[in-house]
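Residue strings, one per chain:
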Amino acid sequence: MNEIVHNHYIDAGRIAARVREEAVSRVKEDIPLLEVAEFIENRIKELGAKPAFPANISVNEIASHYTPEDNTPCFKRGDVVKIDIGAHIEGFIADTATSIEVGTQDHRRLIHACEEALENAISSVKDNTQTRTIGGIIETTIKKHGFNPVRDLTGHSLEQYKLHAGITIPNYRSIFSQKIRKDMVFAIEPFATYGKGNIKYGKPHIYAINERSNTKANLRLRELFGPLPFTPRWAPGIRIEDLTGLREYLEIIEIGSEIVAQSEHTMIVNENGCEVIT
Ligand code: MN
Ligand code: MN
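Draft legend 1. Highlighting the layout of surface pockets. Here the largest pocket defines a volume of roughly 480 Å³. Taken together, 25 residues make up the lining of the largest pocket; nearest its centre are S64, H65, H164, Y249 and I252. Residue assignment for the lining of the largest pocket shows that the elements contributing at least two residues are β11 (199-209) and β12 (246-254). Counting residues per element, the lining of the largest pocket draws most heavily on β12, at five residues. Across the lining of the largest pocket, the residue classes tally to 11 nonpolar, seven polar and seven charged. By volume, the second largest pocket is sized at about 320 Å³. What lines the second largest pocket is a set of 17 residues, among which K50, P51, H88, L224 and F225 lie closest to the centre.

Structure, rendered in structure tokens:
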């Protein structure tokens, strides 16, 4: 990998990891989710990167793709909170997530299962590893603890300004498999749940512009975020209805409304292993 690109990844990763940890200490009972989301997005900029997507703060049965739009939702005691953040420098993205419990310790094992699945998965990553092997390790680890992986959510390769660059890392031993290669950049993200691990969709809170179109609103948003996801919070004065070629990221919810935990790191694959940047 080119040294400049490598340095951008390292810097983006360092910033994302630092902001993740700082955000965790701000998750407390009765604090609005918006306060933590805005902290994350502002802090990423303050440290010299840009948010690669709106801070995802998904609670309990919501696995991902929730970002608050106003001050209304607040953390409650016993919530299982997934903080999922992305920072990029010149489009080179670091994507990372962690789970915390608000004021209780009832879901430690579920959260631990995700963390251990991620660690075990990372140990298997090197040039030529099959994605289904990594998925198998994640599935086995989560099931060993008595939980289920969320099968419809996956890790993914990353490329400049591309959050999902074509290769997926399943959270179970899938039949389909791809070979990962040296110098590829991946986010691996196990999700574990008390439920069956299937999903249903909720409302959209996060969007991206898929196509180039010359309407004023589209041009303005492409200029601001390129092809990366955004929240209406970031685009005051722009109406979602005026945009064309819009991609909606719907909330992803566990099908039986069971609690979900998540853990995620970004890594660069090398000959004998990988370099975790977050
Ligand atoms: Mn993520
Ligand atoms: Mn990801």
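We are not done yet, so read on.
Draft legend 2. Examining the sheet that holds strand β10 (residues 191-193) more closely. Taken together, the three strands give an open sheet; going across it, the order is β6-β10-β13, and neighbouring strands pair in antiparallel fashion. Both outer strands of the open sheet, β6 (148-149) and β13 (260-262), are each paired with one neighbouring strand and no more. Relative to β10, β6 runs antiparallel, the two being bridged by two bridges. Bridging across to β10, N148 finds its partner in T193.

Draft legend 3. The arrangement of the coordination of the manganese ion (ligand 1) in detail. Taken together, the protein ligands of the manganese ion (ligand 1) are D84 (OD), D84 (OD), D95 (OD) and E264 (OE), with distances of 2.1 to 2.4 Å. For the manganese ion (ligand 1), all donor residues lie on one chain, and their spacing in sequence is D-x10-D-x168-E. Separating the manganese ion (ligand 1) and the manganese ion (ligand 2) is a distance of 3.1 Å, and D95 donates to both of them. Remark: E264 occurs in the loop between β13 and β14 (265-269) and D95 occurs in strand β5 (residues 92-101); sequence separation between them is 169 residues.

What counts as what
Residues numbered from 1 in each chain as written. Chains lettered and ligands numbered in written order. Predicted model: local features only at pLDDT ≥ 70, side-chain atom pairs only at ≥ 80, totals over all residues. Heavy atoms only, no water. 1 Å grid on protein atoms, 1.4 Å probe; cavity = no way out; pocket = protein on both sides within 12 Å on 5 of 7 lines; lining within 4 Å. Points joined across faces, edges and corners; volume = space filled by probe spheres on them. Helix = DSSP H or I, 4+ residues; strand = E, 2+ residues; numbered from the N terminus. Nonpolar A, V, L, I, M, F, W, Y, C, P; charged D, E, K, R; others polar. Pairing = 2+ DSSP bridges. Donors = N, O, S within 2.8 Å, 3.2 Å for Na, K, Ca; no water.

Take it as geometry only, folks, not as evidence of what the structure does.
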